[in-house]
Amino acid sequence: MSANKIVLKIVSISFSILILSLLAVGLYQGGKAAYGFGYRVFTEPAVDLPEEGEDKVIQVTAQMSDKELGDLLEKKGLIRDANLFVVQLKLSSYAKKIKEGNYTLSTSMTAYEMMQIMSAEEVESTETEE
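Asker: Looking at this structure, how should I read the confidence of the model for the chain?
Answerer: Should the pLDDT be low somewhere, the predicted coordinates at that spot are not to be read in detail. Put simply, the chain has an average pLDDT of 91, and 92% of its residues get 70 or more. Below a pLDDT of 50 lies the segment residues 123-130, which in the model reaches zero contacts outside its immediate sequence neighbourhood of four places, other chains included.

This is the structure:
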């Protein structure tokens, strides 16, 4: 065998090993990110501790999509990740049940607690006028 063929074969094998190594690292990092996101769907804590919570008022409209609602909540500092909120909403029993209106939410609430408030049935006042 000539020296050129041997060098070409070594370079070819080295390139193949490099590509396979990069593919393995990419798959590992992608799997790790996917697992982390999936884990957060069910375990994401509130933004603040209960004693540090700050109330924020938001307005939900009937035309608002789940993504727009997530973006609004993230912009107000009520959640960390709008995309995570959209997935949580789609997987929850509150999907398609968010009602329009003005809501006072706290940074110490979890996303599920916020969904529960925004999808609650309207409570009629039981007070009587005197």
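Asker: Could you clarify how one ought to interpret the pattern of salt bridges in this entry?
Answerer: Counting across every chain of the model gives six salt bridges. Linking arginine 40 and glutamate 44 is a salt bridge whose minimum nitrogen-to-oxygen distance equals 2.9 Å. Classification of arginine 40 as partly exposed rests on a relative accessible area of 27%. For glutamate 44, a relative accessible area of 19% puts it in the buried group. Of the charged contacts, one joins glutamate 44 and arginine 80 as a salt bridge, the two residues approaching to 3.1 Å between their closest N and O atoms. Taken as a pair, glutamate 44 in the loop between α1 (3-43) and β1 (55-60) and arginine 80 in the loop between α2 (66-75) and α3 (82-91) lie far apart in primary sequence, 36 residues in all. Overall, arginine 80 belongs to the partly exposed group, its relative accessible area being 40%.

Asker: Help me out: how do you make sense of α3 in this one?
Answerer: At 3.6 residues per turn, the α-helix brings residues three or four places apart onto the same side. Where α3 is concerned, the buried positions are Ala82, Leu84, Phe85, Val86, Gln88 and Leu89. Buried-residue contacts for α3 involve α1, α2 and α4 (111-118). Its side-chain oxygen at 3.0 Å from the backbone nitrogen of asparagine 83, aspartate 81 defines the N-terminal cap of α3.

Asker: Sorry, what's going on with a nonpolar patch on the surface here?
Answerer: Side chains of Phe15, Leu18, Ile19 and Leu22 sit close together on the surface and give an oily, nonpolar patch of about 400 Å² of accessible area. Tracing the backbone through its elements, the reader meets phenylalanine 15 in helix α1.

Asker: Looking at this model, I keep getting lost on the environment of arginine 40. Mind explaining?
Answerer: In this fold, arginine 40 is placed in helix α1. Ignoring anything within four residues of it in the chain, the contact list for arginine 40 reads Asp81, Leu84 and Gln88.

Thresholds, definitions, all that
Residues numbered from 1 in each chain as written. Predicted model: local features only at pLDDT ≥ 70, side-chain atom pairs only at ≥ 80, totals over all residues. Heavy atoms only, no water. pLDDT = per-residue confidence, 0-100. Contact = heavy atoms within 4.5 Å. Salt bridge = Lys/Arg side-chain N within 4 Å of Asp/Glu carboxyl O. Buried < 20%, exposed > 50% of the residue type's maximum accessible area, 1.4 Å probe, protein only. Helix = DSSP H or I, 4+ residues; strand = E, 2+ residues; numbered from the N terminus. Polar contact = N/O pair within 3.5 Å; in protein donor to acceptor, adjacent residues only side chain to side chain. Patch = residues over 30% accessible without salt bridge, like charges linked within 9 Å, V, L, I, M, F, W, Y side chains within 5 Å. Areas by Shrake-Rupley, 256 points an atom, 1.4 Å probe, with all protein chains shown as cover.

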